[in-house]
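Spelled out from the first residue to the last, the chains are:
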Amino acid sequence: MPKLHEIVNATNLQDYTYEIPVDNGVIDALFPETKQEALTLEYIKGGEGLPVVASVHSWDAETEIGDREAFEIMSMELAQVRRKLKLSAKDAMVIETPRNDRELNEKIAKVFDDANTLVKAVRTRYIAMAFEALTTGKLTFDENGYKGTLDYKLPTAHTSTPSTKWSTASAKPMDDIRAWQDAVEMSTGTRPSRAITSRKVANTLQNNASIRSALYGTNSDRLVSFAVLNSFFAEQGLPQLQVVEGKYRKRVLKAGKYTNETIRYIPEDSFILLPEGILGHRVFGPTPEELVLRQTNEVNDAKVGNIVVDTYVTDDPVARWVRASGMGLPSFPAADKVYIATKVVAA
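Starting afresh in each chain, residues are numbered from 1 along the sequence in its written order. Reporting of local features is limited, given that this is a predicted model, to residues whose pLDDT is at least 70; pairs of side-chain atoms are given and counted only at 80 or more, and all residues count toward the totals for whole chains, interfaces and linings. Calculation of side-chain values draws on the structure's entire complement of heavy atoms; hydrogens and water are dropped beforehand.

Quick look at the packing of aromatic side chains
The test is simple: Geometry of aromatic contacts follows a simple scheme: Phe, Tyr and Trp rings, the Trp one being its six-membered ring, pair when their centres are within 6.5 Å, and the pair is stacked under 30 degrees between planes, edge-to-face over 60, tilted otherwise. To qualify as a helix, a DSSP run of H or I must reach at least 4 residues; to qualify as a strand, a run of E must reach at least 2; elements of each kind are numbered from the N terminus. Partly exposed describes any residue whose relative accessible area lies between the buried limit of under 20% and the exposed limit of over 50%, with all areas from a 1.4 Å probe on protein chains only and scaled to the type maximum. Only when the NZ atom of a Lys or the CZ atom of an Arg is both within 6 Å of the ring centre and within 35 degrees of the ring normal do we say a charge sits over the ring.
Enumeration according to the criterion identifies 9 aromatic pairs in this entry. Ring plane angle 65° and centroid distance 5.6 Å describe the contact between Tyr152 and Phe332, whose orientation is recorded as edge-to-face. Taken together, the residues span a long stretch of sequence, with Tyr152 in the loop between β6 (146-151) and β7 (159-160) and Phe332 in the loop between β15 (318-330) and β16 (339-341) at a distance of 180 residues. The buried category is assigned to Tyr152, whose relative accessible area is 0%. Here the aromatic rings of Trp180 and Phe271 are separated by 6.3 Å at their centres, their planes lie at 45°, and the arrangement is tilted. In this pair, Trp180 sits in helix α6 (residues 173-188) while Phe271 sits in strand β12 (residues 271-274), placing the two residues 91 residues apart along the sequence. Ring pairing ties together the aromatic residues Trp166, Trp180, Phe271 and Tyr339, which thus form one cluster. Over the face of the ring belonging to Tyr216 we find Arg222, whose NZ or CZ atom lies 4.0 Å from the ring centre.

Encoded structure:
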C-alpha cells in the first residue's frame, strides 16, 4: 500500500487542481487572469484619453511646446487569500492502512475534492474583488489583519442615480442611458457599447412603458423579449445588455455566531456601462507557499497555477492540512471609461 505522503503531497494536489478546467463566466472576458513575479500591483493610469491637437505653424514660427498630460502610477501590495481544510488523524490512518481498495479510494477522493473546493474558494475571492472594483470603482479590505483601500479613480461624473427610478411608470431609461454614454464619450472619446446588469433590471426595461411604446406603439400590451430589447438597443445606438446573476457565500460573524451570507457579484439595482475589450486583469504573484515549494523542488513550476495548493502537518493534535493560497489583485486601467449607475430600480 502507498504511504500517505506519497499520495497527499503538494505535487499530486497541484497537478490535480491544475488540470481541472475553469469557467468563471463574464469576469474572464473583462478581467482575465495573468501572473507576474512581483508582489505589488503597479500600472500606469493615463489621462482622459482624448488627444490634444497640435497647432498649425507658419514657415518661420517656433514649434509649439507640448505638455505631458498627468498620469498616475497605481500601486498596492498584492492581497493574500488563503483557506485550508484538515485531514484528520483518523482519515490519515485509513489511507495508511485501509481495509480494502474501495475504502482507500474513497478517502483519497475526499482529499482531492477538498483541494478543488479550496482552490474554488480562493479564486472566488479574487473574482469578487474584480466585481467590487467594477461596481464601486474601489476595493476596501478589513479582513484577518489586512486593511486597505485601492481607489481606481473612477471619475465622479461617471456615477449617478437616475432622478426617476426605472420601475416607475413615467421613467424613460433610454434617455438616462444615452446621457451616461454621452458623459463617458465627452471625457474619454470612448462611447460605452455594452452594459452588465441584473435580471431584475433587464425585466424592468422589458416592461418599461416608453420602450414598449417605441417598439409597438402607445398602450401596446405586447411583451418585449430580451433578444428584441437588445436588438432594439443596437438600432438606437444603446449598449448591448448582459445579465449577470452570479453569487457567492461569505462566512460572517453575526451575534457571536458564524453564518454563510449569500452575496451578489453585481447589486440587483445596478447598471454598469462598459467599453469594448478587456477592462483590466486579475493579477497574481507568487505566494510564500509557492516560493517554499520552488526551493524544495516539490512541484513542477510549469504546473503551478495562479492558486497554489500545498500540505503541512501539525503534531498536537496530529493532523495533515490541505491549503490553497493566492496572491493577487485586480488592475483596472479602463476605470475612467466605465459608468456606474446605482439604484436604478426600487429595492
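So, the environment of Met129
For clarity, the cut-off: Two residues qualify as a contact provided that any one of their heavy atoms is within 4.5 Å of a heavy atom in the partner residue.
Along the polypeptide, Met129 turns up in helix α5 (residues 101-136). By relative accessible area, Met129 is classed as buried at 1%. In this structure the C-alpha to C-alpha distance between Met129 and Phe141, which are 12 residues apart in sequence, comes to 9.8 Å. Setting aside chain neighbours within four positions, we find Met129 in contact with Ala79, Val81, Leu139, Phe141, Gly328, Leu329 and Pro330.

Some words on the packing of helix α8 (residues 209-216) against helix α9 (residues 226-235)
To be explicit about the condition: To get an axis, fit a line to the C-alpha atoms, keeping to the stretch in contact for a helix; angles then go from 0 to 180 degrees between the N-to-C directions. Reported orientations rely on four angle classes, namely roughly parallel under 35 degrees, roughly antiparallel over 145, roughly perpendicular from 65 to 115, and oblique for the rest. Polarity classes work like this: nonpolar for Ala, Val, Leu, Ile, Met, Phe, Trp, Tyr, Cys and Pro, charged for Asp, Glu, Lys and Arg, and polar for all others, with Gly in that last group.
Packing of α8 against α9 leaves a shortest axis separation of 12 Å and a crossing angle of 75°. Between α8 and α9, the angle falls in the class roughly perpendicular. Contacts from Ile211, Ala214, Leu215 and Tyr216 in α8 reach Val228, Leu229, Phe232 and Phe233 in α9. Of the residues contributing to the contact of α8 with α9, the split by class is 8 nonpolar, no polar and no charged.

Considerations on the pattern of salt bridges
So the rule is basically this: The term salt bridge refers to a pairing of a side-chain nitrogen on Lys or Arg with a carboxyl oxygen on Asp or Glu at a separation within 4 Å.
Evaluation of the coordinates by the stated rule reveals 19 salt bridges. In this structure, Lys254 and Glu261 form a salt bridge, with 3.2 Å as the shortest nitrogen-oxygen distance. On the basis of relative accessibility, which here comes to 30%, the residue Glu261 falls in the partly exposed class.

Examining α6
To keep it simple, the criterion reads: Helix span, expected: 1.5 Å multiplied by one less than the number of residues in the helix.
Here α6 is 16 residues long and its end C-alpha atoms lie 23 Å apart, about the 22 Å a rise of 1.5 Å per residue gives. Burial in α6 covers these residues: Pro173, Met174, Asp176, Ile177, Trp180, Gln181, Val184, Ser187 and Thr188. The inward-facing, buried residues of α6 contact β7, α7 (199-207), α8, α9, β12 and β16. Positive phi appears at Gly189, one or two residues downstream of α6, with a value of about 80°.

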